[in-house]
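A look at the structure
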Amino acid sequence: QVQLVESGGGSVQAGGSLRLSCRASGRRTYARGWFRQAPGKEREFVAAISWGGFTTYYADSVKGRFTITKDAEDTTYLQMNNLKPEDTAVYYCATRTGNSASTDQTDYAYWGRGTQVTVSA
């Protein structure tokens, strides 16, 4: 089994920054992704990174503002800059046993419980 724990969420004003972390434990996993779900909306892709960290994907809505990285301790980060009110959502970390990054949430077998990000105007 795999356990994922997100942290770093909170409330900020528009234009501010937050850094989310996702720590994994248990079975070894590889590629990681971040997804988010706003109230009344479906969960959507935000960013993904391959196991080696050489390939990253971003949703158009966050490109140039968010950066996904991972470290040698198998923790994944999502640096979020220039936050906007429309970024308000619960952010979920996910991981899969494949090496390749994916924008498709059905490719991810393991999910964290999420962390709330609230951006005020």
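Nothing here was measured: the structure is a model prediction, and the numbers come from that model.

1. Some remarks on the environment of Gly52
Residue position: Gly52 is located in the loop between β5 (44-49) and β6 (56-58). Here Gly52 falls in the partly exposed class, since its relative accessible area comes to 44%. Expressed as a C-alpha distance, the spacing of Gly52 and Gly16, which sit 36 residues apart in the sequence, is 29 Å.

2. A short note on the state of the cysteines
Within the structure shown, the criterion is met by one disulfide. Note on cysteine connectivity: Cys22 is disulfide-linked to Cys93, with sulfurs 2.0 Å apart. Between Cys22 and Cys93 the disulfide shows an S-S torsion of about -80°. By sign, it is left-handed. Remark: Cys93 occurs in strand β9 (residues 89-95) and Cys22 occurs in strand β3 (residues 18-26); sequence separation between them is 71 residues. Judged on exposure class, the residue Cys22 and its partner Cys93 are both buried.

Reading the values: the criteria
Residues numbered from 1 in each chain as written. Predicted model: local features only at pLDDT ≥ 70, side-chain atom pairs only at ≥ 80, totals over all residues. Heavy atoms only, no water. Helix = DSSP H or I, 4+ residues; strand = E, 2+ residues; numbered from the N terminus. Buried < 20%, exposed > 50% of the residue type's maximum accessible area, 1.4 Å probe, protein only. Disulfide = S-S within 2.5 Å.

Any functional reading would require information beyond the geometric quantities listed.
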